[in-house]
Amino acid sequence: MKNFKGHRFEWNPYRAMAVFFVCMLLIFSMCMTILQIDQPSVVNAGEAFEITMQVEVSKDDDSGNPFFLVVGFLAPRSWSTATNTSVRFESSVGNSSMRLTTNDEIDENTKLPWNTAFLRRFGIGDNYGEVEWVTFIADEAFAAAAGATGTVYITALPGEDNMIVQLAYGISNQTWGLGDDNFDLVFTDCMEVINGKGYPSNLCGPKPRQLVEQATFTMDDLITIVFDAKEGDDFMLGASYVDLCAKAYSGDQVYEICNHEDVAALNYMGDDVWEITFWPRSYFDIPEDQDIDFMEVTFTNDNGNLVVTNIDGSAFIIAPKCFD
Amino acid sequence: MFKHMKVTQISYVIKKTSLVCLVIGLFLMCESPIFIPEGAFQEVTVNMSGSWKITSAYRNGIEISDKFDFSGFGLKLDFDNSEATTYQIETKQVPFPVISDGNWKYNDPVYPTQMLLLSTLDTAIIEFVASPISGFNEMRIKFQLGCSDNVYIYDLELQ
């Protein structure tokens, strides 16, 4: 049984039997395996870190011809992995640097460019989005007729934002592509990026409900919060009144406006959609020398007995989202 | 002197003398003085002084005048000896790139395209959508508040 950090393994006898028979059929074909991945569980924002991946090529039964190793790396889009990551490997049959795959280099199995092939074939794991597969190919080809072992070194650079994300790693080769046993894939445990900017966005969690109308904003913008009673818990359908209960966090200070009918009532826009537009600074009466880090909001009816929150009962987080 | 000259020669001398006289006459005519009013070429600073109120507001090209109460906003621009000086914001409840009073100036006093607002806490650049002209009682300004993706336009009217 493989055992490495972050690999999810659940015993399933039917799956084991299926794997056994498939392995029997393919025992004479090339087999690429990720033996172990060493990846930190916490990294600092904007600070490069190294991941090592132990790889085994069991047998190149087909011809013994040299092949180009392909490595896939799933990482947040905000990391700009294509420009900020370097990959190389050392192995028992030779060492090589690796470069980004081009759109002309395709997976022989899916006939798609490598990064698209990884995405289609393996998805994005527990992340709700905002991640991308970036694929690298060896600069030099090596034959491994008698099998080989090696270590892939990935030096990644996290972005400046705090977050929680699930990374993933895949290996394959240009000759055979993502078919049979010619590849392996590992989704590691969700890792944290700390000491960066802003409230950490949890890409591993459920996709946050989009409440702010603008795609990007900071707490200095005029913000429009849209509450669609048809989404999620729908017990506010047909409501005659919806009130915003909001907290603004500014360093150690917390400013709260709740049950405040004059300013916190949402305007009905029709079709069970409500909205409110406010400027956080004036709404919460924040002193001129302070800034808002993020907000927590819930929605209530006029009696206050119905409260719309996240599924787990927590308030919705509204954190700045801006790529300036 | 014309005694020994042929008729054609005499005609030539007369023509040439007449031409010289004409040229001298034209020069003398050009010397008549041209009157230029005093200060006609002096550049004048655009005067935008006064209290300005918001008449309409847009965010990313969409009118938001009805989504938020902009009526309390007032921007008072002072002018001293035709020089831009201080500004005051009447209410700080309405979104604006600066939140405290301070000084202001144009990027170009004669052909301004931007207004620079400087306070102890903030500095902001506000663009004129169309260059303002002295005597006009309306102006359209463009600015950002937080994320650069969001562009705000206010139509202001002089009170």
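This is a predicted model, so every value here is computed, not measured.

Engineer: Please clarify how the overall build of chain B should be interpreted in this entry.
Structural biologist: In terms of helices and strands, chain B carries one helix and nine strands. The N-to-C order of helical and strand elements in chain B reads α-β-β-β-β-β-β-β-β-β. Within chain B, the proportion of its 159 residues that are buried is 32%. Long-range pairs, those at least 24 residues apart, make up 43% of the contacts in chain B with a sequence separation of at least 6. Summing over all exposed atoms, chain B offers an accessible surface of approximately 10,300 Å²; the carbon and sulfur share of this is 58%.

Engineer: Looking at this structure, how should I read the pairing of strand 11 (residues 184-187) of chain A?
Structural biologist: Successive residues of a regular strand alternate their side chains across the two faces of the sheet. Residues and elements named next belong to chain A. Along strand 11, one buried face is formed by Asp184 and Val186 and the opposite face, lined by Leu185 and Phe187, is buried too. Across four bridges, the pairing between strand 10 (residues 168-173) and strand 11 is antiparallel. Residue alanine 168 lies in a different strand from strand 11, and its bridge partner there is phenylalanine 187.

Engineer: Is there a simple way to explain the interface of chain B and chain A in this structure?
Structural biologist: Interfaces are frequently sized by the accessible area removed from exposure as the parts join. Of the residues lining the interface, 20 residues belong to chain B; the matching set on chain A comes to 21 residues. Looking at the side of chain B facing chain A, the largest losses of area belong to Arg59, Lys67 and Ile99 of chain B, adding up to 32% of the total buried there. Along the contact surface separating chain B from chain A lie two salt bridges. For lysine 67 of chain B, the salt bridge is made with glutamate 275 of chain A, and the minimal N-O distance between the two is 2.5 Å. Applying the counting criterion to the chain B and chain A interface returns twelve residue pairs in polar contact (both at pLDDT 80 or more).

Engineer: Can you walk me through unusual backbone geometry in this structure?
Structural biologist: Leaving glycine aside, a negative phi is the common case for residues, and trans is the common case for peptide bonds. All names here are of chain A. Even without being a glycine, asparagine 195 presents a positive backbone phi close to 60°. You can see asparagine 195 is positioned in the loop between strand 12 (191-194) and strand 13 (197-202). The phi torsion at aspartate 272 lies on the positive side, around 60°, for a residue other than glycine. Take aspartate 272: it is sitting in the loop between strand 17 (267-270) and strand 18 (273-278). In this structure aspartate 272 comes out as buried when scored by relative accessible area, which is 17%.

Engineer: Explanation requested: the nonpolar core in the structure shown.
Structural biologist: Most often, soluble globular proteins have nonpolar side chains that are buried together. Membership of the largest hydrophobic core comes to 52 residues, with the highest contact counts inside it found for Met53, Phe73, Trp79, Val152 and Leu167 of chain A. Counting 34 residues, the second largest nonpolar core, distinct from the first, contains Leu75, Val98, Ala124 and Ile141 of chain B.

Engineer: Would you mind going over helix 3 (residues 114-122) of chain A with me for this structure?
Structural biologist: Given 3.6 residues per turn, any residue in an α-helix points the same way as the ones three and four places further on. Residue and element names in this part refer to chain A. Buried within helix 3 are the following residues: Trp114, Ala117, Phe118 and Phe122. One side of helix 3 carries all its buried residues, which in axial view fall inside an arc of 100°. Summarising the contacts, the buried residues of helix 3 are in contact with strand 4 (69-76), strand 7 (131-138), strand 10 and strand 11. Glycine 123 lies just past helix 3 and shows a positive phi near 70°.

Engineer: Is there a simple way to explain empty space enclosed by the protein in this structure?
Structural biologist: Empty space among the atoms can be located by rolling a probe the size of a water molecule over them. Residues and elements named next belong to chain A. Applying the stated criterion across every chain, the model contains one cavity of 30 Å³ or more. Put simply, the largest cavity is a space of about 170 Å³. Residue lining of the largest cavity: 17 residues in total, with Val57, Phe67, Leu69, Phe89 and Ser91 positioned closest to the centre. In terms of residue count, strand 8 (residues 148-156) provides more of the lining of the largest cavity than any other element does, five residues in total.

Engineer: Can you walk me through the environment of proline 112 of chain B in this structure?
Structural biologist: Residue and element names in this part refer to chain B. Relative to the helices and strands, proline 112 resides in the loop between strand 5 (102-106) and strand 6 (114-118). Counting along the chain gives 66 residues from proline 112 to valine 46, while the straight-line C-alpha distance between them is 7.8 Å. Ignoring any residue separated from it by four or fewer positions in sequence, one finds proline 112 in contact with Val46, Tyr106, Asn107, Phe128, Ser131 and Pro132.

Engineer: In this structure, what is going on with the sheet that holds strand 9 (residues 161-165) of chain A? I would like to understand it.
Structural biologist: Hydrogen bonding along the main chain pairs the strands of a sheet, whether they run parallel or antiparallel. All names here are of chain A. Taken in spatial order, the four strands of this open sheet run 2-12-9-13, and their pairing is mixed. Every interior strand has two partners, whereas the edge strands, strand 2 (42-44) and strand 13, have only one. Each strand of the sheet is rotated relative to its neighbour by a mean of 15°, with strand direction disregarded. Here strand 2 runs beside strand 12; their pairing, made up of three bridges, is parallel. Within strand 12, the residue paired with asparagine 44 across the bridge is isoleucine 194.

Engineer: Where do I start with the layout of surface pockets in this structure?
Structural biologist: Residue and element names in this part refer to chain A. A volume near 1,800 Å³ is recorded for the largest pocket. Looking at the lining of the largest pocket, the elements with two or more residues in it are strand 9, strand 13 and strand 21 (316-318). Here the element with the most residues in the lining of the largest pocket is strand 13; it accounts for six residues. When grouped by side-chain class, the residues that make up the lining of the largest pocket number 22 nonpolar, 15 polar and 13 charged.

Engineer: Honestly, the sheet that holds strand 11 of chain A in this entry has me stumped. Any pointers?
Structural biologist: Residues and elements named next belong to chain A. The nine strands are arranged 1-3-8-5-6-7-4-10-11 in an open sheet whose pairing can be described as antiparallel. Pairing within the sheet leaves two strands with one partner each, and these edge strands are strand 1 (32-38) and strand 11. Across the sheet, the mean angle separating the axes of adjacent strands is 20° when strand polarity is ignored. Contacts from helix 3 reach strand 4, strand 7, strand 10 and strand 11, with the element oriented near 130° to strand 7.

Engineer: Explain the side chain of serine 282 of chain A here, please?
Structural biologist: Mapped onto the secondary structure, serine 282 of chain A falls in helix 5 (residues 280-283). Engagement of the side chain of serine 282 of chain A in a polar contact is seen with the backbone oxygen of glutamine 93 of chain B, the distance being 3.1 Å. Excluding its chain neighbours within four sequence positions, the residues that come into contact with serine 282 of chain A are Lys92 and Gln93 of chain B.

Engineer: Explanation requested: the pattern of salt bridges in the structure shown.
Structural biologist: Pairing of side chains with opposite charge becomes possible as their charged atoms draw close. Applying the stated rule across the entire model yields 16 salt bridges over all chains. Here glutamate 90 of chain A and arginine 88 of chain A are joined by a salt bridge, their closest N and O atoms 2.8 Å apart. For glutamate 90 of chain A, a relative accessible area of 34% translates into the label partly exposed. Note that lysine 76 of chain B is salt-bridged to aspartate 78 of chain B, the shortest N-O span being 2.9 Å. Since its relative accessible area comes to 35%, lysine 76 of chain B is described here as partly exposed. For aspartate 78 of chain B, a relative accessible area of 19% gives the class buried.

What counts as what
- Residues numbered from 1 in each chain as written.
- Chains lettered and ligands numbered in written order.
- Predicted model: local features only at pLDDT ≥ 70, side-chain atom pairs only at ≥ 80, totals over all residues.
- Heavy atoms only, no water.
- Helix = DSSP H or I, 4+ residues; strand = E, 2+ residues; numbered from the N terminus.
- Buried < 20%, exposed > 50% of the residue type's maximum accessible area, 1.4 Å probe, protein only.
- Contact = heavy atoms within 4.5 Å.
- Areas by Shrake-Rupley, 256 points an atom, 1.4 Å probe, with all protein chains shown as cover.
- Pairing = 2+ DSSP bridges.
- Buried area = accessible area lost by both parts, 1.4 Å probe.
- Salt bridge = Lys/Arg side-chain N within 4 Å of Asp/Glu carboxyl O.
- Polar contact = N/O pair within 3.5 Å; in protein donor to acceptor, adjacent residues only side chain to side chain.
- Core = buried A, V, L, I, M, F, W, Y, C linked by side-chain atoms within 4.5 Å.
- Arc of directions from axis to C-beta.
- 1 Å grid on protein atoms, 1.4 Å probe; cavity = no way out; pocket = protein on both sides within 12 Å on 5 of 7 lines; lining within 4 Å.
- Points joined across faces, edges and corners; volume = space filled by probe spheres on them.
- Axes fitted to C-alpha atoms, helices over the stretch in contact; angles between N-to-C directions.
- Nonpolar A, V, L, I, M, F, W, Y, C, P; charged D, E, K, R; others polar.

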